[in-house]
Amino acid sequence: MRYLYELRESLRIALAAIKANKARGVLTTLGIIIGIVAVVTTMTAANGLQNSFKESISAVGSDVLYVTRMPWIITGNFFEYRNRENLTLKEAQKLAARLSEAKAVNPSSYTQRDIKYRANLMEAVTVVGTTDKYIRVSNALPEYGRFLIPQDVQYKRNVCVIGSEIQEKLFENTNPINKRMKIGRYYYRVVGVMEKQGSAGFFGGPNFDRQIIVPITAFIKTFGGANRSFSISVKAPSQEEMADFEYAVIGEMRKIRKLKPTEKDDFSINQMNTLMNAYNSVMGVIVMIGLVITSVSLFVGGIGVMNIMFVSVTERTREIGIRKAIGAKKRAILSQFLFESSVICLIGGVIGLLVAYGVTALINNLMMPASISPFIMAVALLVSILTGVVSGIIPAIKAARLNPIEALRYE
Amino acid sequence: MKALDIRNITKTYHMASEEVRALRGVTLELEQNEYIAIMGPSGSGKSTLMNVIGCLDTPSSGEYFLEGVDVSKMSDDQLAEIRNRKIGFVFQTFNLIPRSDVFHNVELPLIYGGLSGADRRKLAEAAIEKVGLSDRITHKPNELSGGQRQRVAIARALVNNPSIILADEPTGNLDTATGEEIMQVFNDLHAAGNTIILVTHETEIAQHAHRTIRLRDGMIESDEKNGVLHPTLS
Ligand SMILES: Nc1ncnc2c1ncn2[C@@H]1O[C@H](COP(=O)(O)OP(=O)(O)O)[C@@H](O)[C@H]1O
Ligand SMILES: [Mg+2]
């Protein structure tokens, strides 16, 4: 309790000292401000990216394996993959027949086409040729109208289900059901609109809101299928059996391909986890860069604050002598200067947060949903106070150790 | 109990090229409520002795008991606590905190002593009243005259009810009339029961004390009751 009065006095002196040297204080906090802006915006951006990516990934389902010719993330020798045979529709049918325990087996093929409705044009939209089972391997449902039905596939109907972004842009938010639109050179009738799934599309992630789903048979009919490789989605019986199920899928694929035990797989098995891991490592790099910028500017800022604190200690040498003569202990002097440096840095941190708030609003408008979380805010304030303590400690120790007689004699 | 018991104290400053022996064996006893003046030429060791007595400095050798407590080998923080509770210092140059008002300057020792706000207010206001500055309580030092500043310093020195009040040339920066006023304050404090040690080189100022000690070359040259001559036994 008695130390509390002493601490309050220390804080009082510190605030008075900062008030007396406003301009000097604000200038020295520049490095702190930059550091805090860097740490807050990188953390906020990383958070935002992760959220929107996870959101769109979650639509795909983590209990689904994707059998493809080439792996999604190519590591090692590209030429090894290039010579692989295409995955055919027939192989997909064979796999479906052999994997009776799978919840669903669904082939898809992808292409990019310009699409048109009246005068509106969207370029290079992803067109997915697939079956009615698509909806069972992805978690998305149609918002309006319906999804593909078995008859669409069976009779090679030119019908399509569009993503929410296509409804927004191509149809300008009007009702697109039963409207005829052009995919490449062919007319398709819209039968449904998928619900909005959120996008990580700006960052290499898939954008499911900007794709068109058509029956795989119509897809082959209009866009050709001879040289296409199909991707086969296989939904595992349960999340827990994923690992075992992956071995089963590999085993059946090897039988279909008639591979000898010595031969390597000539196909790839992908999961959303694979993508997530690759994504996380990219994210790690971004966060690393942010941290480096942060630490460099905090270091430079901290050095500046330390300099100012040495000046402050020198200016107050006589005052320190007076306080010691009337009974101030070392810790009282120490806390006085630690308060001063921490409050200076805290002010820098608050200014930094305000600037970061503006930057975040900008990111929000231009790129993606982003907001500064209370956690990031707390981290920023804590980091600035910590910088203050670290950069103030040496000057404060110097002040606390001053000999009272010499300090009193200081002019 | 004696207010102060100093036995054969020395203080040597080690300079780059030489040793300065500022005190060469000073022995001094002081009863409670004594009022003494220390005189001597410049450089004779008056301030050094005051700093040792005031626990701002530790002696190189010898023993020092303050109210029966050995303070000659205490740590910095222990000395700070002794200064806070048992010593009241009055300097020639006042040594007030410039940005703080009279009240805050006077309550400062109590803050470091850990007293509550209410207790501090009571004691500080009483001390300020004793030196006759109750109407200046919110003034800053630069709004006060030299004599008033020294009164604030005296109020600060006596606010914690110290065992000894030490004043190193308290009238040195004041004109004669103001100096006399300040001496009147010390006389009142002595009459109220305080123990006072005063450094001065003016005989008129020293006359206010009841005992005068003369220093020369770091040693006590004479120690006499004022008005009656006592040859020093050494
Ligand atoms: N910090 C110090 N370092 C070295 N010498 C000192 C120091 N303080 C005082 N002295 C020397 O000690 C002697 C006594 O000084 P002081 O006690 O200040 O004398 P007075 O107050 O009587 O004028 C002087 O010779 C002075 O130069
Ligand atoms: Mg002197």
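These numbers come from a predicted model, not from an experiment. (Residues numbered from 1 in each chain as written. Chains lettered and ligands numbered in written order. Predicted model: local features only at pLDDT ≥ 70, side-chain atom pairs only at ≥ 80, totals over all residues. Heavy atoms only, no water.)

**With respect to the site of ligand 1**
Piece 1. The environment of ligand 1 is formed by 13 residues, the closest being Gly43, Gly45, Lys46, Ser47 and Thr48 of chain B.
Piece 2. Among the chains of the assembly, those with residues near ligand 1 are chains A and B.
Piece 3. Within the side chain of serine 47 of chain B, one N or O atom sits 2.7 Å away from an oxygen atom of ligand 1.
Piece 4. About the coverage of ligand 1: the protein hides 69% of its 560 Å² of free accessible area.
Piece 5. Judged by the proximity of its atoms to the pocket grid, ligand 1 belongs to the second largest pocket.
Piece 6. Only strand S2 (19-30) and helix H1 (46-53) of chain B provide two or more residues apiece to the shell around ligand 1. (Near = heavy atom within 4 Å. Polar contact = N/O pair within 3.5 Å; in protein donor to acceptor, adjacent residues only side chain to side chain. Areas by Shrake-Rupley, 256 points an atom, 1.4 Å probe, with all protein chains shown as cover. 1 Å grid on protein atoms, 1.4 Å probe; cavity = no way out; pocket = protein on both sides within 12 Å on 5 of 7 lines; lining within 4 Å. Sits in = over half its atoms within 2 Å of the grid points. Helix = DSSP H or I, 4+ residues; strand = E, 2+ residues; numbered from the N terminus.)

**Details of the pairing of strand S5 (residues 159-162) of chain A**
Residues and elements named next belong to chain A.
Piece 1. Residues Val159 and Val161 of S5 are buried on one face, and the alternating residues Cys160 and Ile162, pointing to the opposite face, are buried as well.
Piece 2. Where S5 and strand S8 (residues 211-215) come together, two bridges link them in antiparallel fashion. Residue pairing for S8: valine 161 is matched across the bridge by isoleucine 213. (Buried < 20%, exposed > 50% of the residue type's maximum accessible area, 1.4 Å probe, protein only. Pairing = 2+ DSSP bridges.)

**Things to note about the domain arrangement of chain A**
Piece 1. Per the domain assignment, the segments of chain A are domain 1 (2-56 + 277-409) and domain 2 (64-270).
Piece 2. For domain 1 of chain A and domain 2 of chain A, the distance between their C-alpha centres works out to 52 Å. (Domains from an automatic or database assignment.)

**Remarks on the sheet that holds strand S1 (residues 4-14) of chain B**
Sheets are built from strands paired through backbone hydrogen bonds, the pairs being either parallel or antiparallel.
All names here are of chain B.
Piece 1. Read across the sheet, four strands follow the order S2-S1-S4-S5 without closing on themselves; strand pairing throughout is antiparallel. Lying at the two open borders of the sheet, with one neighbouring strand each, are S2 and strand S5 (69-70).
Piece 2. Pairing analysis gives nine bridges linking S1 to S2, with the strands arranged antiparallel. Bridging from a neighbouring strand, threonine 10 pairs with arginine 24 of S2.

**Observations concerning the pairing of strand S7 (residues 186-194) of chain A**
Residues and elements named next belong to chain A.
Piece 1. In this structure, strand S4 (residues 142-145) lies alongside S7, joined through three bridges in antiparallel fashion. Within S7, the position partnered with tyrosine 144 by the bridge is valine 193.
Piece 2. Where S5 and S7 come together, four bridges link them in parallel fashion. Across the sheet, residue cysteine 160 finds its bridge partner in S7, namely valine 190.
Piece 3. Strand direction decides the pairing type here: strand S6 (residues 180-183) and S7, joined by four bridges, are antiparallel. For arginine 180, the partnering residue across the bridge sits in S7 and is arginine 189.

**Details of the packing of aromatic side chains**
Piece 1. Under the criterion given, the structure shown has seven aromatic pairs over all chains.
Piece 2. Between the aromatic rings of tyrosine 188 of chain A and phenylalanine 223 of chain A, the centroid separation amounts to 6.4 Å while the plane-to-plane angle is 10°, which identifies the pairing as stacked. Taken together, the positions of tyrosine 188 of chain A in strand S7 and phenylalanine 223 of chain A in helix H9 (residues 216-223) put the pair 35 residues apart, joining distant regions of the chain. The exposure classification of tyrosine 188 of chain A matches that of phenylalanine 223 of chain A, with both residues buried.
Piece 3. A centroid spacing of 5.3 Å and a plane angle of 70° characterise the contact between phenylalanine 219 of chain A and phenylalanine 223 of chain A, whose relative ring orientation is edge-to-face. Of this pair, phenylalanine 219 of chain A and phenylalanine 223 of chain A both sit in helix H9, four residues apart, which is roughly one turn of that helix. Summarising the burial analysis for this pair, phenylalanine 219 of chain A and phenylalanine 223 of chain A share the class buried.
Piece 4. Members of the aromatic cluster, each reached through a chain of ring pairs, are Tyr186, Tyr188, Phe219 and Phe223 of chain A.
Piece 5. We note arginine 180 of chain A situated over the ring of tyrosine 187 of chain A; from NZ or CZ to the ring centre the distance is 4.6 Å.
Piece 6. Positioned over the ring face of tyrosine 5 of chain A is arginine 120 of chain B, at 5.2 Å from the centre of the ring. (Phe/Tyr/Trp six-rings, centres within 6.5 Å; stacked < 30°, edge-to-face > 60°. Lys NZ or Arg CZ within 6 Å of the ring centre and 35° of its normal.)

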